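# Breakdown of the fold
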Amino acid sequence: MHASPLPLTRDLVLIGGGHTHALVLRKWGMAPLAGARVTVINPGPTAPYSGMLPGFVAGHYDRDDLDIDLVRLSRFAGARVIIGKVEGLDPQRREIHVPGRPPIAYDVASINVGITSDMPALPGFADHAIPAKPLGPFAQSWADYLARPGPARVAVIGGGVAGAELAMAMAHALRHRGRDATVSIIDSATALSALGDRAAQRLRQALAGLDVQLIEQAEIASLHSDHLLFSDGTKLEADFITGAAGARAYGWMAQTGLNLDDGFVTVNDYLQSSDPAVFAAGDCAHLSHDPRPKAGVYAVREAPVLYQNLRAALGAGQMRRYQPQNDYLKLISLGARSALGERFGKVLSGPLMWRWKDHIDQSFMNRFRELPKMKAPVLPRHHADGMDEALGGKPLCGGCGAKVGRLALRDSLPAPQDRSDITPLPGDDAALLHTGVTRQVLTTDHLRGITLDPVLMARIAAHHALGDIWAMGGTPQAATATLILPRLSNELQRRTVAEIMQTAQEVLREAGAEIVGGHTSMGDEMTIGFTLTGLCERDPITLAGGQPGDALILTKPIGSGVILAAEMAGEARGEHVSEAYRLMQQSQQRASEILREAHAMTDVTGFGLAGHLSGMCEMSGTGATLDLQAVPTMPGAESLASNGTRSTLFIDNRALTPELPEGGKAALLYDPQTAGGLLAAIAPEIAEDVLSRLQSADYDAALIGYLTERLGLRLMK
Ligand SMILES: Cc1cc2nc3c(=O)[nH]c(=O)nc-3n(C[C@H](O)[C@H](O)[C@H](O)COP(=O)(O)OP(=O)(O)OC[C@H]3O[C@@H](n4cnc5c(N)ncnc54)[C@H](O)[C@@H]3O)c2cc1C
C-alpha cells in the first residue's frame, strides 16, 4: 500500500534566530520530531555570530564569515522562515504578532532575541548613534563608515569588555587604512570593572598601544552629528558613535504578561517562562535559579537543553535542567591578530591566543557552513522504465511552479470550438469572454510548495495569477481559490487556511478583485491557485500585435527559478532568497497601467523569458534581438546559473528557442519564473519615457531588445 506522510499536529515557533535557536535548528534538522511544524522568525535572513564581530570590525573577516544563514538552516531543519520582527506575543490566544501578516499561532514558543544596547533616554542617541546590539545593523553601519574617506572620529559609549574590544578593532581597522583617526571610550564609572585586575590592566595597555582614549567617570549630556556633549559642558568630536553600555531587554516583551526581571523573561531551570508553553534562552532570558551575565557562551550551552525541552513540551520525552557553568574562558581580541584569554583570574595574551580564538569561532561557524547533506529519497531498486529520464537527475523542484513544459501543453490543449461569445487567446493563458457589451478575461494559475510559509506562498501565488490579467491590460474582478494542504490536524488546518485566505484576500482586494469561492483538499504538499476574471474596457493586449522595431521592456529581474531550485537543495544564500521573495511579491498593477499603450504584452512565467518572447514573436509574426547585457537579473542568479544550477523545466524551455546560446548568463533566458515581470512590446518613440516612468515607480525595469522583421530570436552583438 502507498504510505502517506504523517500529519502535522503541533506548531513550534522560534522567535529570533539567536545563537541558541540556530543550534536548535541544526539539531532539529538532524533529528526532527514527527508531527511538529517549526517556524523561525527573524528580522533578516542572516544572524551574526558575536564572537567574530570584533574580527570583522578590525578587517580580519568578511561579513559573510560571521553570518549564520537562517534561510539555509531552516531549509535544512524543515522549518518555515519568516523574515520579520516580532512585536507581540499573546500567551492567552497563543499568537505571535509580526507586522504585515496575520497572527502566527503556536502550541509551544521560544524567545531568543538577544538584547539591545540602544540608549533611548540619552538625547540625540536615536539620531546620531548606532547601538552595538543588535549586531547586524551595527556591522553594516561600520562597514559603510569605514569605506568613507577622510578623518575618523569614533566614540564608543561603555567601557565594558565589548566596548573595549570594539574600540580596539575600530582603531586597528582605521590605522590599517591609513586614516587620520581618534577612537575614544566613554564610561560613566570605571572601565573594565567586570574583569579581574590582571586582565583589566593588560587590556588598558592594549588600548593605550592603539591610542584609544579612555574617558572615565564622565557623564554624557547629549549626542550631536559631529560631537558628544558632556554634562560639564566639554565636547568630544565624534562622527561615528556607538553604544555598548549595558544590556536592555526589548520593550515588546513587557507587553506579553510573562514574568520579567528588569525586562528580561524570567525562566526556570528548564528555560521555561511563567507560561509553560513559552521558553526563553540567551541574553533575553533571566535565569532565575542561577543568574548569569549576558554572554554568548550561555546562549550556546543552553541549546541542547532547549532542544530537548521543546520536544518534551511538544509531547516527546522528558525535560532536562540547565545548570550554567560558574566561569568561562573569556577570549578578547586586541585589534590586531592578537587576543587576551582570561579564566579563573589567569591571563594569557598574544597571537597564539588569537589563533586559539579564531579556531574556536571558525569551528562554531563551520557547524552552519557545512550542514550535513540532506538525503534524497531513495529510488526503489525495482521501478518502471523511464524513471531516471523523468526525474532528470534531480527531484522535482518548485522553481517552475512545477509546471508542465510548453511543448507538452501545445500538443495536448484541445482546439476550442467556435463560439461567438468566446475568443481564445492562444498562448496568453487566458480567454476573452463576451457577455453583451462586457469584455471579460478568464485565467487560472497555481503554484506548488515553493516555500513552507503559507502566507508567503499565498502572496506569491496571488501575484502570479494576477500577472495574466495585468498583462492583458485588464482590471481584476473576481477570484476563486484552490488550496491543497499537506496532511494537518484539524487545528493546524484551521490556522493554515486562515493565514492563506486572509493574505490572499488582502492581495486580491488591493488589486480590485474579490474572492468569491474556492475549494480545499489534502495532498502531498501545499499548492495554492487562483482562477480569476478581469474586465477589459478595451480590447485586451495580447501576444499578437507586436511590430518590427518595437522596444522590448521587462519590468522585473529574472532568475527566480534557479534561486528557488538552489534554495530547495539548501545551496542558495539566504539574502538572495529573501530578495527573490521580495521581487516575487511585487505587484505589477502600476506597471500594467504605465504599459497600457503596449502593442503586445505577456507576463514572464513558466516558459522563461526566451519562451515567452518566442510566443510573442510567433503570434506577432516577428523575430527579436535581445540585449543579454541589459536583461536584469536577481542578485545571485547569474552565479548560480554559471555554476550549473538549473530548474527542472530548463530543458523543456531551452528546446523552445534552440537558436539562442546557452552558456553563462544566457542560461537564465530559459529559467522559469514565478510571479515574473511583464514583457511588453512598445513603440520605440515612447519607450524611453515609459521606461523612466516604470523606474520611478520602483520597478527594476529595463529595455532589453527589439522586435525585428527577421523571424527567430538572436542576441545583440
Ligand atoms: C562586540 C561584542 C562582542 C562580543 N563577544 C562575545 C564573546 O566573544 N563571547 C561571548 O560569550 N559573548 C560575546 N558577546 C555577547 C554576545 O553577543 C551575546 O551574549 C550573544 O550574542 C547572545 O546571543 P543570543 O542568542 O541571546 O542573541 P543574539 O545573538 O543577539 O541573537 C538575537 C537574534 O534575534 C533577532 N531579533 C531581535 N529582535 C527580534 C524580534 N523582535 N523578532 C525576531 N527576531 C528578533 C536578532 O536580529 C538576532 O538575529 C559580545 C557582544 C558584543 C556586543
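Each remark here, short or long, concerns the structure printed above.
What comes next concerns the included structure. For clarity, every value in this text was computed on a predicted model and none was experimentally measured.

Summing up its helical and strand segments, the chain has 22 helices and 36 strands in all. For a compact globule of 717 residues, the expected C-alpha radius of gyration is about 27 Å, and the chain comes in at 29 Å, within 12% of that figure. Seen through its principal axes, the chain has C-alpha atoms that stretch 90 × 60 × 50 Å. Looking at the 717 residues of the chain, the share that counts as buried comes to 55%. Long-range pairs, those at least 24 residues apart, make up 75% of the contacts in the chain between residues at least 6 apart in sequence. Total accessible area computed for the chain in this model is approximately 30,900 Å², and 52% of it derives from carbon and sulfur atoms. Considering the chain, the positive charge centre built from 65 side chains and the negative charge centre built from 77 side chains are found 7 Å apart.

This brings us to the site of the ligand. Near the ligand lie 32 residues; those nearest to it are H19, S50, V86, D283 and G296. At 2.9 Å, a side-chain N or O of N112 approaches an oxygen atom of the ligand. Interatomic distance of 2.8 Å between a backbone N/O atom of D283 and an oxygen atom of the ligand. Protein chains shield 88% of the accessible area of the ligand, which is 1,000 Å² for the free molecule. Counting only elements with at least two residues in the shell around the ligand, the list comes to α1 (19–30), β2 (36–42), α7 (161–176) and α9 (296–301). By residue class, the composition of the shell around the ligand is 14 nonpolar, 12 polar and 6 charged.

With that settled, the discussion passes to the packing of helix α14 (residues 454–471) against helix α15 (residues 490–511). Axis separation between α14 and α15 bottoms out at 8 Å; the angle between their running directions is 30°. Where α14 crosses over α15, the two elements pack in a sense that is right-handed. Where α14 approaches α15, its residues P454, V455, A458, R459, A462, H463, L466 and W470 are matched on the opposing element by T496, E499, I500, T503, A504, V507, L508 and A511. For the contact of α14 with α15, the residue count by class is 11 nonpolar, 3 polar and 2 charged.

Cut-offs applied
- Residues numbered from 1 in each chain as written.
- Predicted model: local features only at pLDDT ≥ 70, side-chain atom pairs only at ≥ 80, totals over all residues.
- Heavy atoms only, no water.
- Helix = DSSP H or I, 4+ residues; strand = E, 2+ residues; numbered from the N terminus.
- Rg over C-alpha atoms; globule rule 2.2 N^0.38 Å.
- Buried < 20%, exposed > 50% of the residue type's maximum accessible area, 1.4 Å probe, protein only.
- Contact = heavy atoms within 4.5 Å.
- Areas by Shrake-Rupley, 256 points an atom, 1.4 Å probe, with all protein chains shown as cover.
- Lys, Arg positive; Asp, Glu negative; His and termini not counted.
- Charge placed at Lys NZ, Arg CZ, Asp CG, Glu CD.
- Near = heavy atom within 4 Å.
- Polar contact = N/O pair within 3.5 Å; in protein donor to acceptor, adjacent residues only side chain to side chain.
- Nonpolar A, V, L, I, M, F, W, Y, C, P; charged D, E, K, R; others polar.
- Axes fitted to C-alpha atoms, helices over the stretch in contact; angles between N-to-C directions.
- Left-handed = near helix turned anticlockwise from the far one by under 90°.

Treat this as a map of the structure, not an account of what it does.
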